[in-house]
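Examination of the molecular architecture
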Amino acid sequence: MRLLKNGAILKFIVAPFYLFCISFLSCFSAFSQEKIEELEEVVVYDKFNKITKALNKTILTNRDLEDLSSLPFGEVLKHINGVSTLNTGNTISKPVIHGLHSSRVAVINNGVRIEDQEWGVEHEPSLDINSVDQIFVLTGADKLEYSGNSLGGVVVTLPKAVRESVGFSGKTLFTASSNGRGGSLASKFENRFNNDWFANLNWTIKKFGDFETPDYNLSNTGYGENNVSLRTGKNNVNSGIEFYYSFFNKNVGILKASHLHTGEDQYRGINSPVPLIISEFTYAINAPKQEVQHHVAKIDFYTNLAKLGKLDISYNYQLNRRFEYDIRRSSTNKKPSIDLKLDTHVINLKLTSNISSKLNTKFGLESKFQENFANPETGIRRIIPDYTKYDLTAYAIGNLAVKENFLFELGFRYDHTHIDAYKYYRKSLWEARNYDELYADITIREVSSQILANPKFNFGNLSFSVGSYFSLGGHHDLYINYALLARNPNPSELFSEGLHHAAARIEIGDLSLRSEIGRKIQLSYKYKINKLQASFSPYLNDIENFIYIIPTGSRATIRGTFPVWEYKQNDAVLYGFDYDLNLDISENLSFNQKISVTKGFEKISNKALIDIPPLSIKNEVTLHVAKYKDLELTLESEYVSRQNQFPDNNFDLYIPRTDAFVLLDLSTPPSAYHLLHLKSSINLNEKTKIGLRVNNLLNESYRDYLNRMRYYADDLGINFSLFFNKRF
Amino acid sequence: MKKVFFYASMALLFVTASCDKDDDKTPEPVNEEEVITTLTVTLTPASGTAIVLKSFDDDGDGPNSPVLTVSGSLAANTVYSGAIELLNELESPAEDITEEVNEESDEHQFVFTLSGLSDVVIDNLNTDTNDMPLGTTFDLTTVAAGSGTVTFTLRHEPTKPNDGTLAEVGGDTDIEATFDVVVQ
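Residues numbered from 1 in each chain as written. Chains lettered and ligands numbered in written order. Predicted model: local features only at pLDDT ≥ 70, side-chain atom pairs only at ≥ 80, totals over all residues. Heavy atoms only, no water.

1. Topic: the pairing of strand 21 (residues 443-447) of chain A
Residues and elements named next belong to chain A. Note that strand 21 and strand 22 (residues 450-453) share four bridges and pair antiparallel. Residue pairing across strands places glutamate 446 opposite isoleucine 451, the latter belonging to strand 22. Linking strand 21 back to strand 22 in an antiparallel pair, the connection comprises two residues, with serine 448 at a positive phi of about 35°. (Pairing = 2+ DSSP bridges. Helix = DSSP H or I, 4+ residues; strand = E, 2+ residues; numbered from the N terminus.)

2. Concerning the sheet that holds strand 1 (residues 60-61) of chain A
Through backbone hydrogen bonds, the strands of a sheet pair up, either in parallel or in antiparallel fashion. All names here are of chain A. Strand order in the open sheet formed by five strands is 1-6-7-4-5, with mixed pairing between adjacent strands. On the outer flanks of this sheet lie strand 1 and strand 5 (112-113), each paired with one strand and no other. Inspection of the sheet shows strand 6 (residues 134-138) paired to strand 7 (residues 153-158) by five bridges, in the antiparallel sense. Bridge pairing links glutamine 134 to leucine 158 in strand 7.

3. Re the side chain of A:Arg322
Residue and element names in this part refer to chain A. With respect to the helices, strands and loops of the structure, arginine 322 is situated in strand 16 (residues 309-325). Given a relative accessible area of 3%, arginine 322 falls into the buried group. For arginine 322, the side chain forms a polar contact with the side chain of histidine 123, separated by 3.3 Å. Beyond its immediate chain neighbours, meaning those up to four positions away, arginine 322 contacts Gln117, Glu122, His123, Glu124, Gln290, Glu291, Val292, Ile338, Asp339 and Leu340. (Buried < 20%, exposed > 50% of the residue type's maximum accessible area, 1.4 Å probe, protein only. Polar contact = N/O pair within 3.5 Å; in protein donor to acceptor, adjacent residues only side chain to side chain. Contact = heavy atoms within 4.5 Å.)

4. So, the nonpolar core
A:Tyr425, A:Trp430 and A:Leu511 are the most contacted members of the largest nonpolar core, which totals 55 residues. Setting aside anything within four residues of it in sequence, one finds A:Trp430 in contact with A:Tyr425, A:Tyr435, A:Asp436, A:Tyr439, A:Ile442, A:Thr443, A:Ile451 and A:Ala453. Grouped together as the second largest cluster of nonpolar side chains are 29 residues, B:Ile36, B:Phe138, B:Val150 and B:Phe152 included. (Core = buried A, V, L, I, M, F, W, Y, C linked by side-chain atoms within 4.5 Å.)

5. So, the sheet that holds strand 9 (residues 146-156) of chain B
Residues and elements named next belong to chain B. Pairing in this open sheet of three strands is antiparallel, and the strands run 6-9-10 from one edge to the other. Every interior strand has two partners, whereas the edge strands, strand 6 (108-115) and strand 10 (172-183), have only one. On average, each strand axis in the sheet is tilted by 15° relative to the strand beside it, whichever way the strands run. Here eleven bridges tie strand 9 to strand 10, and the two strands are oriented antiparallel to one another. Note that in strand 10 the partner of threonine 153 across the bridge is glutamate 176. (Axes fitted to C-alpha atoms, helices over the stretch in contact; angles between N-to-C directions.)

Okay, here's the thing in structure tokens:
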């Protein structure tokens, strides 16, 4: 990593890139005038697609999703084996894939990578579950189309395919839940007009008040969502154009008892058996709270070019606004503590070709420009500084059928990233970290004991993925993939400097961090006979320069004493497996079992990594009686063990008032838990389905290791959800 | 069809153009509103010089520790009238945070914790709008000679009424300073 004085090199790279894009486009426009023949290869391509999708194991379809329409996106992803969630309460939920999360997991919705301050552990993907029809977790070379830096994985969500026949259809989903005393209402409308034009509209409203544990109310945990998305366009076999707009808006309360000002307040919170603040149920959402608004606008054009294949050109713009409100000293001060505006422009070009019936390829170019603006009006030092970021990407992916039962895939991707940031450092910190000597050349000026610095970074990362699929005859399938991915340090890892109110700790980034490099090998074995399907997928992810945050001491301030956490990097290794079994016991009865194991360690010290999901085992028995209104009755048992491999991040915190130390226990994981859930549904008629879900049927009190609120409060008690889906 | 490519090319150019703007404008510094740099406790006896206890932290939650100073020893068998002043001296002129605390007196309370000075009494706290203790002014009475510490803790959103101990006052800590005090 180098710090550059100016962006000259970048401009040098950008200009030829665009010239290339434009000449590329002009060339193609000539070809596209030719009459296009139906290509035989399309059939083979479809076959490839099917196989690749099967390899990408996962899949949550529309049918799974419609029963879960009232949940946050992350909570839905948890239904995929190998995916867990890092939670802030039950309403902010971000995906963890094979032990990795945040900047290491990309979420792609309708071809657009969601850019939404995903670095924060209390920031979830800004995505409406009701705009989604299918979810995949990509493990193969195909992921390089979307991301070269997602060491955890790439989550791809697709909207419903547009209607092929002329006409109108739609659906309304309604859910009412006892816990949170709220629900969600979502509608989807689709229309295809006579002349190739189509239009799809989705909207969702969710409203919940305070949630509750078996024993008490979780004060200030309600949330609301208002989302809408619209897709319209014109398409036929040869070409199409699509316009897409979506708006996601979520207003979510943070458990009031988790908002603690000092290390000692945090000690009180952790050591209190019940939350420090428990109030009556309310729908009101007060500080601490978050509000997120996310707009996506996209225009996408494709055309089938003779001999060359399908050319896709798209442009998308995203605007993410994030407001976080803390409890201020003065209650008349209603300003947010964090007010961030992230603009992202992406333009990309993709050519998908079926070179022969055995080989298909995908080439793409992408350019991204991103600008982050942290509003100084908050009156609180910026947690993420102002920056601009440019990315230029090129990728190539090929799938080759060597034989009928042996497929080979290979992908390469190169990303060039330039970051240009402006950040005010406290002079005391600037000097304490020796930045005044190391980075004297990036200092712009000194303003009232602050240093304005202009760090610039250039990163060039090459990633690749190689994989093979073997059908071992009969019932056995094997898939093996090796991928090398690189991730640049994100803005919080580089620039954090100061008190993170949400965590009552001081977080310090490091300008000298280098890119993380992950080498992951993954194997997938599938066995299938008539009534039994099983899959076993072990993996090993060897990560060089893994970036993580650890406590390094405590700091006395006039407000009190705080733990100090600093970003470090070290080599690490993660490994584990996902196992899935499906057995049809009889015509009406089936059994499903899912086991997921993840381990993560620092290599040299052999110290366990933080926030690694503990062993989880899910068993499900489903009774399905087709002739009785398609009745489905499922009993699910969910067991999550205690995480016994955790880093000891406990702290002796000095309290001057008592001249004594207290132990701030941030490490000890909560006990194992076992929950039962019940699901039932019937089809009243062809178009109407109703159902009842009961979560935590036995009303168990428990805490989950990956929920940041576990320090202060129990998790949710019993919840009855009644859902009603109507197609029209 | 050609038109579409023309527009696409224009879009590319547009993005290039908007990327290429010169970044001469640097962000303005944040005018920090939540900072308290200085806590000053002035203890004034009926006659004689006032004793000043001061905690000063020039960089908020930055690496510098607060600097604690005590101007002198307290006299035994004396009643001091105490007043607490909170300032943000990063502003010029310094911003008086005490005013803000007094304005929202029902949402704040100072808690006094003594250690090793068992016979010192702190009472007569000023009150909030609901006649509950606030504590930005108080009386401190000394009896015998001795030494120990006195801690001033400002709690936000306390539970009122309370018995004046931190455990019952609850709320969040806005500021806390512990001073070594000698009574002679």
